[in-house]
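Structural characterization, general
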Amino acid sequence: MQRNRGILFSHVCCSTLLCFWIAVCRSVVLVEGSPQGIPLSVVKLWASAFGGEIKSLSAKYSGSQLLQKLKDKRAPSMMTTVAMPVFSTKNETRNQGILLGVAGTDIPLQELMKIIPKHMLGIHGYAFAVTNNGYILTHPDLRPMYQQGKKRRKPNYSSVDLSEVEWEDKDDILRNAMVNRRTGTFSMEVKRTVDKGKRVLKMHNDYYYTDIKGTPFSVGVALSRGHGKYFFRGNVSVEAGLHDLEQPDVALADEWTYCNTDEHLEHRPLTQIQAIRLFLTGRQSHLKCDRELIQEVLFDAVITAPLEAYWTGLALNKSENSDKGVEIAYLGTRTGLSRTNLFVVPELLSNQDFLTAEDKEGVFNADHFPLWYKRASEQVPGTFVYSVPFSSASENKSVVLASTAIQLLDDRKSPIVAAVGIQMKLEYFQRKFWTACRQCTALDGRCSISCESGDINCYLIDNNGFILVTEEISQTGLFFGEVEGAVMNKLLQMGSFKRITLYDYQAHCRDYAGSSDCARTLLNPFSVVKWILTEVIIFLLEFNFYSWWNVGLSVKAQKPQGKTKMVPCDTEYPAFVSERTIKETTGNIDCDGCFRSFVIQQIPSSNLFMVVVENKCDCSSAPPVTIDPIEIIHNESLKCDRLKFQKDRKKPESCHPFHPEENAMECGSATGLSSTLTTALFPLLTSLISR
């Protein structure tokens, strides 16, 4: 069968992407203002806005794959609440503004993220939204949870400002423009952290932003220069595309929307591949799909189909992988298509979370490409990126990942169309390295010293300074500066590595609460008076008599336990990147009069460096170079400056506190309580002071 293949480069129109958000949000908030505007039977019970857990679903929506996934996560999901007042529409009371109630719904932000065509944003591109106060509604760098035994919501997770994640914008140009609901563009150099914040990518981002009519939100799209502006497109027949798409080694991005299967009840049990077949064969005319994206993913399926036979041949050839060192081969394309091949049975995989939903950074998500895809795209074309993956709890030191980007070579542009890689056992990778080192003498006889010698230490590190191979197995995965602080300091001085300072304004630091603080506070008479006045003000505002009769109980509940707790803080921490232009360099270190030599050399076609250090001098007195974060302590003057110069916040454009024809007496009044309030308040104050 002849397969027609073509190439088309298209420029991404950012205004089109913004329209997706505008259309969705407007369709959500424009609800009929009537008692029957939103049927309450649709969703029985949803948790509170921004961070909640789905408790139960009605039968109508029980088949929704998105809602079921959110329910199965057993963790709070980020949501936004949409609500509006419902007034009486009876003819005799239409003009009196009789409020019947408030109708609203909580919308998972993941549902909004699915609308964004991630394949059009490029490898590092993303969409985000903020409120009229500059707080983040959704952003890939928003971290609302922290890990301490189990995932918990941060105290201020719903009030993270845009300037705290796009912190390179020192003058708040982007933030203020979005708060003031402007439409425009903005560009700046950014530093994006990946792999649990231990690695950094330097990029130049172009931002496109506008407001969403009828809401207090503004939406933005960030495109990284060099990615997302041009992409590869080809054409194949529907029959050939479906045949290769439905192979067992093929999967599509779980959180991408190729076809909308949530709109109609009969489509909810369908997978994306099943929905694509129904759409292309014309069996479901009312099924809404992205025809352009489907055509591109069919092309990717056909182009990458030969890999299945190639990988199968390697698996059958015992001599190629006799000791089962290579466990998985994988490929991902710009359209969210992935192919995987296991060379061992799943139960024998060293890292069983890789390429699964548990590995958030390793798979295609609604807001990012896989980590191995992003890192490979930033390397020189044709080179491999090697790394030891880090898990959320502790470093996973059992495997090594190697990946490389596939770039289209064309006279006009060179977009990255895919990335391919393997997962291998760490022990297998290290054995290959030591074997190669021992072969040096056998080849040409020029090696006067070997890594087996006790006079030197040999290390294999990556471009961010993390150790992959060393004689001390326990040092695998550590930062090189923690093991060889003197050598790392010298490499920084020589320019072989660069230190990049990063900031985390969503960090949590441990705070120890002493057991005697509250006791000393109660012994201070001024603190007691301040506490009494505070309680009086709260009483006047809330009319809560119960709290006054249980003062003793409240004080006991606040008794400190002397335990550490996590509190919000700002931190500063370093990341390190090698200088690509330096291929080899040598140096000497003065360790209290003893000079220690070292040499560092780049491994060709990789992101790896071999470091050989003499072992004759004791340099343990040299301080280590760590990547530990340091808390930023804000002094009192800086706190005052922050209070004086508050960030821009935009009030609602209109306010309707009353209806001109409403009868205020029907709503009740608190003016008649003033005399009784004074009578009731006086004996309470007297009894409190007398205690």
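To keep things clear, this report deals only with the structure shown in the data block. Throughout this description, residue numbers start from 1 for each chain and increase along the sequence as written. Restriction of local features to residues with pLDDT of at least 70 applies here, the model being predicted, together with a cutoff of 80 or more for giving and counting side-chain atom pairs; totals for whole chains, interfaces and linings are based on all residues. With hydrogens and water set aside, each side-chain value is computed from the structure's full complement of heavy atoms.

With that settled, consider the packing of aromatic side chains. Each aromatic ring pair is specified by the distance between its two centres and by the angle formed by the two planes. Stacked, edge-to-face and tilted labels apply to pairs of Phe, Tyr and Trp rings (six-membered ring for Trp) whose centres lie within 6.5 Å, assigned for plane angles under 30 degrees, over 60, and everything in between, in that order. Enumeration over the complete set of coordinates arrives at 22 aromatic pairs. With 6.1 Å between their ring centres and 70° between their planes, Phe364 and Tyr373 make a pair best called edge-to-face. Residue class for Phe364 comes out buried when judged on its relative accessible area of 7%. Look at Tyr386 and Phe429: their rings are 5.7 Å apart centre to centre, the planes differ by 35°, and that puts the pair in the tilted class. Here the residue Tyr386 occupies a position in strand 13 (residues 385–387), and Phe429 occupies one in helix 11 (residues 426–444), the gap between them amounting to 43 residues. Phe429 matches Tyr386 in its accessibility class, with the two residues each being buried. Following the ring pairs from residue to residue traces out a cluster consisting of Trp256, Tyr258, Tyr330, Phe354, Phe364, Phe369, Trp372 and Tyr373. Any residue under 20% of the maximum accessible area for its type is buried, any over 50% is exposed, and the rest in between are partly exposed; the area is computed with a 1.4 Å probe on protein chains only. Each helix is a run of H or I in the DSSP string that is no shorter than four residues. Each strand is a run of E no shorter than two, and both are numbered from the N terminus.

So, on to empty space enclosed by the protein. Here a cavity denotes a set of grid points, spaced 1 Å apart and computed over the protein atoms alone, in which a 1.4 Å probe fits but from which it cannot get out, and a pocket denotes an open set meeting protein on both sides within 12 Å along at least five of seven lines; residues with an atom within 4 Å of a point are reported as lining. Grid points are joined across faces, edges and corners, and a volume is the space filled by probe spheres set on the points. All chains considered together, the criterion is met by three cavities of 30 Å³ or more. Ser496, Phe497, Glu579, Ile582, Lys583, Glu584, Ile600 and Phe609 are the residues that line the second largest cavity. Residues that form the lining of the second largest cavity fall into these classes: four nonpolar, one polar and three charged. Nonpolar residues are Ala, Val, Leu, Ile, Met, Phe, Trp, Tyr, Cys and Pro. Charged residues are Asp, Glu, Lys and Arg, and all others, Gly as well, are polar.

Here we take up helix 13 (residues 485–494). Of the residues making up helix 13, those classed as buried are Gly485, Ala486, Val487, Met488, Leu491 and Leu492. Positive backbone phi, approximately 90°, marks Gly495, located one or two places after helix 13.

The next thing to look at is the pairing of strand 7 (residues 184–194). Judged from the 11 bridges that link them, strand 7 and strand 8 (residues 199–211) form a sheet pairing that is antiparallel. Bridging across to strand 8, Met188 finds its partner in Asn205. A pair of strands is considered paired only if DSSP assigns at least 2 bridges between the two.

Glancing now at the state of the cysteines. A pair of cysteine sulfur atoms is labelled a disulfide when the two atoms are within 2.5 Å. Taken as a whole and assessed by the stated rule, the structure comprises five disulfides. Each disulfide pairs two cysteine sulfurs, and for Cys259 the partner residue is Cys289, the sulfurs being separated by 2.0 Å. Where Cys259 bonds to Cys289 through sulfur, the torsion about that S-S bond is close to 110°, and the disulfide is right-handed. Highlighted residues: Cys259 in the loop between strand 10 (250–252) and helix 7 (272–280) and Cys289 in the loop between helix 7 and helix 8 (291–303), separated in sequence by 30 residues. Disulfide partner of Cys451: Cys458, at an S-S distance of 2.1 Å. Handedness here is read from the sign of the S-S torsion; for Cys451 and Cys458, about -95°, the answer is left-handed. For the pair shown, Cys451 and Cys458 are each scored as buried. No disulfide involves Cys437; its sulfur sits 4.2 Å from the nearest other cysteine sulfur, which is in Cys451.

For the rest of this paragraph, the subject is the side chain of Asn365. Summarising the element assignment, Asn365 is placed in the loop between strand 12 (337–342) and helix 10 (371–377). Taking relative accessible area as the criterion, Asn365 reaches 10% and is therefore assigned buried. Contacts: residue pairs with any heavy atoms within 4.5 Å of one another. Other than its neighbours up to four places away in sequence, Asn365 contacts Glu255, Trp256 and Lys360.

The next thing to look at is the nonpolar core. Residues belong to a common nonpolar core when they are buried Ala, Val, Leu, Ile, Met, Phe, Trp, Tyr or Cys residues joined through side-chain atoms within 4.5 Å. The biggest cluster of nonpolar side chains holds 43 residues, and the ones touching the most others in it are Leu245, Leu252, Tyr258, Cys259, Ile276 and Tyr373. Among the secondary structure elements, those contributing two or more residues to this core are helix 6 (238–245), strand 10, helix 7, helix 8, strand 11 (326–333), helix 10, strand 14 (399–407) and strand 15 (416–425). No other element matches helix 8, which puts seven residues into this core. Setting aside chain neighbours within four positions, we find Cys259 in contact with Gln272, Ala275, Ile276, Phe279, Leu287, Lys288, Cys289 and Ile294.

From the geometry alone we can't say anything about function, so treat these as descriptive.
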